[in-house]
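# Commentary on secondary and tertiary structure
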Amino acid sequence: MAQYTRVSGVVGLITLQNPPVNALSAVVRQGIVDKVETALSDPKVKSVVICGQNGNFCGGADIKEFGTKMFGPPLIPMIHSIEAANKPVVAAIEGSALGGGLELALGCHYRIAHSKARLGLPEVTLGLLPAAGGSQRLPRLIGVPAALNLITTGRHVTAAEALQLGIVDQVTDHNTVDAAVKFALSVAGRSLDARRISTYPCPRPSDLDALFEEVMQKVRQSARGAIAPVACVQAVRAAATLPYTQGMEREKELMATLFTSGQARAMQYIFFAQRAVGRWRMPSGASWDTSKPRPVTKAAVIGLGTMGRGIAVALARAGLSVVAVETQEKQLLEAKQAMSSMLERGAKRRGGVPALGLISYSQSIQAAADVDLVIEAVFEDMALKIEVFKQLTAVCKPGTLLCTNTSGLDVDQLASETPNPELVVGMHFFAPAHVMNLLEVVYGPRSSPQAVATAMQLGKKMGKASVAVGNCSGFVGNRMLKLYLEQASFLLEEGATPELVDRALEEFGFPMGVFRMSDLSGLDVGWRVRKAAGLAEPGEASGPSARIRKGYRYSPIGDLVCEQGRFGQKTGRGWYQYEKPGSRVARSDPWMHSFLEQYRARHGLVARSIDHQEVLERCLYSLINEGFRILEDGIAAGPEDIDVIYVFGYGWPRHRGGPMFYASMVGLAKVLERLEHYHQAHPDVPNLQPCSLLRRLVASGSPPVHMWREVRKKLHSQL
Ligand SMILES: C[C@H](O)[C@H](C)C(=O)SCCNC(=O)CCNC(=O)[C@H](O)C(C)(C)COP(=O)([O-])OP(=O)([O-])OC[C@H]1O[C@@H](n2cnc3c(N)ncnc32)[C@H](O)[C@@H]1OP(=O)([O-])[O-]
């Protein structure tokens, strides 16, 4: 709803009230219409101020209303009536003015923002476009290029940038509503003809067609199949080429193509999933609202390799005091240099001062004696990690949380090597840790809910999408990825090429196919893990046993490629060839094609034609199937946890909603039928056997993804 008061005698103050972000629900819209009417018809009122309750202007249209029957006054005429008002209307912007919230402000005649406010039109991140006049008014106010950038990226701008762009008229460090009321008093009675943005001509850059062509090409490339960014460009083009009213018609048309699209549903699902994973729950029943996190102001990072450096920088950026420990002097000096430039570059990009002073460096673990939490990021070797944990328990103050950045080793085994296993959790960051937004917080059976709560809160403070998961080999992300990689390798045996498999996955929307991604992360990483697991055997064995491990099918192709010293980008050769070691542009490698032909010949395999559909079904459905096993094991509390992990950590296209959401869109019965088909064709691949939870969900009518948690609980209780 909206509240109305008259202040300073002649200013009508309208306050949006819908905590926490004053979203424009039907009730709020009705409130605005009524209160604007009141203010405009009150003869004592000379000008009007619109603000939001609780220091937040407006987070836009109410996303929770999408997909339901819409009622209440529509946004567009509501904003038009404000713009057409005969008394100045001033928007007092604090906190966020996003989407419909900024569109409401653009309908006002003036905008005053607090210096900490954030403004933007992020509809594209929800699979939509600004559909309450934003795509038509913003280009008229700030020009086509700037509007295109904000609308196609959905990025939020600071108040300072908004002032520089001309979106707001004034920025204040003081009480914004007071500043707006003072401003409203100062403009009372002034003509408003020049303040109605929809009447502005849209500035036309001389090379308009060239500009839109270039932007559309870039947008199509980065969109990777997402339809909303393309529609955003088309809507802004309408603003630049059509009169306002026709442009609004075009905006409406384009929004209609997006609003009910599967992509929009997927992206709104991820919006809420990202918030849902913050409400974590452990199998013991302990949860986010019953477990109090410990305060963490000072942390230590042990081991300053690539991961350790990124984690320390991310902690300092979050405002924590950091002790960075590296026992090797040369490595320590190199790390100090690298981390300082990471902080400086970051500060330059985001504006602000690099937090160089927050990090202290040491060669001794003793330096971690007074920290609240330690993150161990040494080489992925259990014996080494146990040794580090032993040293830490000897020097750290009582109650210090010991976290490991292992990407798959047994967190509980590590915990059992310490006197206080309840203080041990995994904090699995993704490379580069100061860039990637995902954090898997891994709890073992003895991890205390307080330790989980503390790690989750720290992850949020570092700006990470933090997901609490149970301890198992590979946790959630890597455990599922193993099946995806396995199928990709099998497809090479059966006739596919790295190029074909990658093209199918990139057309699906992944930034990189599985083989280009492996070349980027280094083939030797997986090889070391396979060797440690006793899977990779040296030499070119032939015959059936060469492709069997522990009784099941195994593809040694990856091991054989590594034996050639082909580790990917870092060696200039991997599944692809690169100009030189470290280059990033992958080119097909004739060596790989003849190697695969010889490999098939040696193992009596006959190549067959494989299409994109089979690549997607085998790689994605086997990954999804493992997702169901993870839900069945209770390692992940719900499908949202898995989907947030894959969208934020593994490049799963956001407009496909994540693996589990995607399975629900494809249809669980279809996924089950295809898995059964492939398992029948490959009985020696047990991972293709459909998971019983999938079978039972299909048997119970394939309920929608948001009901799986409840259905799984019920199915479990029936066991
Ligand atoms: C016509 C028009 O053109 C179109 C079509 C539109 O306008 S489409 C809509 C466009 N608007 C957006 O894209 C902005 C979306 N929101 C945000 O980016 C952020 O929320 C925030 C504003 C920057 C605050 O961040 P936060 O970190 O302080 O809190 P939070 O945890 O995120 O959010 C706190 C709680 O508020 C809920 N919430 C936030 N924004 C919401 C919204 N617009 N509608 C409904 N609920 C919303 C959120 O789910 C959470 O709920 P719960 O989990 O507690 O139950």
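Along each chain, the written sequence defines residue order, and numbers are assigned to residues from 1. The model is predicted, so local features are restricted to residues of pLDDT at least 70 and side-chain atom pairs to those at 80 or more, both for listing and for counting; the totals for chains, interfaces and linings are taken over all residues. As a rule here, side-chain values cover all heavy atoms of the structure and leave hydrogens and water aside.

### What to know about the overall build of the protein chain
Numbering of helices and strands runs from the N terminus; a helix is a DSSP stretch of H or I covering at least four residues, while a strand is a stretch of E covering at least two. Within the protein chain, the regular secondary structure consists of 28 helices and 19 strands. Dimensions of the protein chain along its principal axes, counting C-alpha atoms only, are 90 × 60 × 60 Å. Among the 719 residues that make up the protein chain, the fraction classed as buried is 56%. Two residues qualify as a contact provided that any one of their heavy atoms is within 4.5 Å of a heavy atom in the partner residue. Sequence-distant contacts, at least 24 apart, represent 73% of the contacts inside the protein chain between residues at least 6 apart. Here the Shrake-Rupley method, with its probe set to 1.4 Å, supplies the accessible areas, and only the displayed protein chains count as covering residues. Total accessible area on the protein chain is roughly 29700 Å²; 55% of this is exposed by carbon and sulfur atoms. To sort residues, take the accessible area from a 1.4 Å probe on protein chains only and compare it with the maximum for the residue type: under 20% means buried, over 50% means exposed, and anything in between is partly exposed.

### Observations regarding the sheet that holds strand β6 (residues 110-114)
Pairing between the strands of a sheet is mediated by backbone hydrogen bonds and can be parallel or antiparallel. A pair of strands counts as paired when DSSP detects no fewer than two bridges linking them. Sheet architecture is open: 6 strands sit in the order β1-β2-β3-β4-β6-β9, paired in mixed fashion. Lying at the two open borders of the sheet, with one neighbouring strand each, are β1 (2-7) and β9 (170-172). Here the strands of the sheet are splayed against their neighbours by 20 degrees on average, with no regard to which way each runs. Strand direction decides the pairing type here: strand β4 (residues 89-93) and β6, joined by 4 bridges, are parallel. In the sheet register, Ile93 faces β6, and the bridge partner there is Ala113. In this analysis an axis means a line fitted to C-alpha atoms, helices contributing only their contacting stretch, and an angle means the value between N-to-C directions, from 0 to 180 degrees. Its contacts with the sheet put helix α7 (residues 176-187) on β1, β2 (11-16), β3 (47-52), β4, β6 and β9, and the angle it makes with β6 is roughly 155 degrees.

### Some points on the pairing of strand β12 (residues 359-362)
Pairing between strand β11 (residues 321-325) and β12: 4 bridges, direction parallel. When the sheet's bridge partners are listed, Val322 is paired in β12 with Ile359. Here, the term right-handed applies to a crossover whose path from the first strand over the helix to the second runs clockwise when the strands point away from the viewer. With respect to chirality, the unit in which β11 leads through helix α13 (residues 329-350) into the neighbouring parallel β12 is right-handed.

### A word on the packing of aromatic side chains
The rule is short: rings of Phe, Tyr and Trp, with Trp giving its six-membered ring, pair when the centres are within 6.5 Å, and they are stacked under 30 degrees, edge-to-face over 60, tilted in between. According to the stated counting rule, one finds 17 aromatic pairs in the structure shown. Their ring planes at 45 degrees and their centres at 6.0 Å tell us that Tyr484 and Phe510 sit as a pair that is tilted. With Tyr484 in helix α17 (residues 477-494) and Phe510 in the loop between α18 (498-508) and α19 (514-521), this residue pair connects regions lying 26 residues apart in the sequence. Residue class for Phe510 comes out buried when judged on its relative accessible area of 5%. These aromatic residues form a ring-pair network of at least three members: Tyr484, Phe508, Phe510, Trp652 and Tyr662. Our definition puts a charge over a ring when NZ of Lys or CZ of Arg is within 6 Å of the ring centre and also within 35 degrees of the ring normal. The ring of Phe490 has Arg553 sitting right over it, with the charged end atom 4.0 Å from the ring centre.

### Describing unusual backbone geometry
A negative phi angle characterises most non-glycine residues, just as the trans form characterises most peptide bonds. In this structure, the amide linkage connecting Pro19 to the following residue, Pro20, adopts the cis form with an omega of 5 degrees. Cis geometry marks the peptide bond from Ala431 to Pro432, where omega comes out at -10 degrees. Assignment of secondary structure puts Pro432 in the loop between β15 (424-429) and β16 (438-443). In this model, Lys550 sits at a positive phi of 50 degrees, which is unusual for a non-glycine residue.

### Digging into the sheet that holds β12
Pairing is mixed across the open sheet formed by 8 strands, whose spatial order is β12-β11-β10-β13-β14-β15-β16-β17. Every other strand in the sheet has two partners, leaving β12 and β17 (465-470) as the edge strands with one partner each. For this sheet, the mean angle separating the axes of adjacent strands, direction not counted, is 25 degrees. Along the sheet face, helix α24 (residues 639-649) touches β16 and β17 and points at about 130 degrees away from the line of β17.

### Topic: helix α3 (residues 100-107)
Within α3, 8 of the 8 residues are buried, which leaves the element mostly enclosed by the surrounding structure. Turning to α3, its buried residues number three or more, namely Gly100, Gly101, Leu102, Glu103, Leu104, Ala105, Leu106 and Gly107.

### Considerations on the nonpolar core
One finds Val501, Leu505, Leu620 and Phe628 to be the most contacted residues of the largest nonpolar core, which totals 107 residues. Apart from the residues lying within four places of it in its own chain, the contact partners of Leu505 are Tyr484, Phe510, Gly513, Val514, Val615, Leu616, Cys619 and Leu620. Residue types Ala, Val, Leu, Ile, Met, Phe, Trp, Tyr and Cys, when buried and joined through side-chain atoms within 4.5 Å, form a set referred to as a nonpolar core. Membership of the second largest hydrophobic core comes to 73 residues, among which are Ile50, Ile63, Leu138 and Leu150.

### As for the domain arrangement of the protein chain
Marked domain ranges trace back to an automatic or database domain assignment. The domains assigned to the protein chain are domain 1 (2-259), domain 2 (298-476), domain 3 (496-602) and domain 4 (612-634 + 637-718). Here the C-alpha centroids of domain 1 and domain 4 sit 40 Å apart.

### Describing the pairing of β6
Of all 5 residues making up β6, 5 are buried, and the element is well covered by its neighbours. Neither face of β6 is open: one carries Tyr110, Ile112 and His114, the other Arg111 and Ala113, and all of them are buried. Bridging between β6 and β9 involves 3 bridges; their strand directions are parallel. Considered in β9, the bridge of Ala113 is made with Val171.

### Focus on a positive patch on the surface
What makes a patch is a set of residues exposed beyond 30% relative accessible area and free of salt bridges, joined within 9 Å when like-charged and within 5 Å when nonpolar (Val, Leu, Ile, Met, Phe, Trp, Tyr). When a carboxyl oxygen of Asp or Glu lies within 4 Å of a side-chain nitrogen of Lys or Arg, that pair is called a salt bridge. Think of it this way: Lys and Arg go in the positive column, Asp and Glu in the negative one, and His and the chain ends go nowhere. By convention, the point assigned to a charge is CZ for Arg, NZ for Lys, CD for Glu and CG for Asp. A cluster of like positive charges, contributed by Arg317, Arg345, Arg349 and Arg350, occupies part of the molecular surface. Tracing the sequence through the fold places Arg317 in helix α12 (residues 306-317).

### As for the packing of α17 against α19
The interhelical angle for the contact between α17 and α19, taken along N-to-C directions, is 115 degrees, at an axis separation of 11 Å. The element α17 and its partner α19 pack so that their crossing is left-handed. On α19, the residues touching Leu481, Tyr484, Leu485, Ala488, Ser489 and Leu492 of α17 are Val514, Phe515, Met517 and Ser518. The residue classification treats Ala, Val, Leu, Ile, Met, Phe, Trp, Tyr, Cys and Pro as nonpolar and Asp, Glu, Lys and Arg as charged. All others, Gly included, are polar. Its residues placed into classes, the contact of α17 with α19 shows 8 nonpolar, 2 polar and no charged. Each crossing gets its hand from how the near helix is turned against the far one by less than a right angle, where anticlockwise is left-handed and clockwise is right-handed.

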